[in-house]
Amino acid sequence: MFLTRVFGRRLFSTARSETSAAGAAGTVRTAHNPLEEFFEADRNPEEEKPVVYGRSWKASELRLKSWDDLHKLWYVLLKEKNMLMTQRQMLHAQNLRFPNPERLPKVRKSMCRIKHVLTERAIEDPDPRRTAEMKRMINAL
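The residue count restarts for each chain, going from 1 along the sequence in the order it is written. Reporting in this predicted model follows two pLDDT cut-offs: at least 70 for local features of residues, and 80 or more for side-chain atom pairs to be given and counted; totals over whole chains, interfaces and linings ignore these cut-offs and use all residues. Note: side-chain values were computed over all heavy atoms of the structure, leaving out hydrogens and water.

**Q** How should the pattern of salt bridges be read in this particular structure?
**A** Side chains that differ in sign of charge can pair as their charged atoms come close. Every case where a carboxyl oxygen of Asp or Glu lies within 4 Å of a side-chain nitrogen of Lys or Arg is listed as a salt bridge. Applying the stated criterion to the full structure yields 4 salt bridges. Here Arg 103 ties to Glu 80 by a salt bridge, and the two come within 2.5 Å at their closest N and O atoms. A residue pair is termed long-range when its members are at least 10 positions apart, and Arg 103 in helix H5 (residues 103-124) and Glu 80 in helix H4 (residues 67-93) qualify at 23 residues. Here Arg 130 and Asp 125 are joined by a salt bridge, their closest N and O atoms 2.7 Å apart. Burial classification: accessible surface area is computed with a 1.4 Å probe over protein chains only, and a residue below 20% of its type maximum counts as buried, one above 50% as exposed, and the rest as partly exposed. When its relative accessible area of 18% is taken as the criterion, Asp 125 is described as buried. Secondary structure follows DSSP: runs of H or I at least 4 residues long count as helices, runs of E at least 2 residues long count as strands, and numbering of each begins at the N terminus.

So, in structure tokens, the structure goes:
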């Protein structure tokens, strides 16, 4: 609903035609439009129960995660942040209200806490060269 209202039918018509062609061929293949990742899945705003979103990550929880898990979580949060900012900008351009504006600060807090945990790990490393290299990498995030 939101996507069709914002972009109209032309932008996603190719994705729909690919899906219908795949359905006609008898294969179960869903077309994926990369632009859809910048928008939340459509939902009915008149639903009775409100959608409840989670809280930000705590530093104590992040300290238990491995380097790879933190790396994956960073990019999930970055994707979420981009999606929320895109949605906010599109709604602002249409003079519509951004639903759940408290989600963006939660994502930003979690990202800052990941940086904090990674900096703590870099400081604890006994090798000064590795510490400097890790700090440069963290600051580049």
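**Q** Please explain the side chain of Asp 125 as it appears in this structure.
**A** Locating Asp 125 in the fold gives a position in the loop between H5 and helix H6 (128-140). What qualifies as a polar contact is a pair of N or O atoms within 3.5 Å, subject to a donor-acceptor requirement within protein and to the restriction that residues adjacent in sequence count only when both atoms come from side chains. At 3.2 Å, the side chain of Asp 125 forms a polar contact with the backbone nitrogen of Asp 127. Only heavy atoms matter for contacts: two residues are in contact if any of them lie within 4.5 Å across the pair. Beyond its immediate stretch of four places on either side in the chain, Asp 125 contacts Arg 130, Thr 131 and Met 134.

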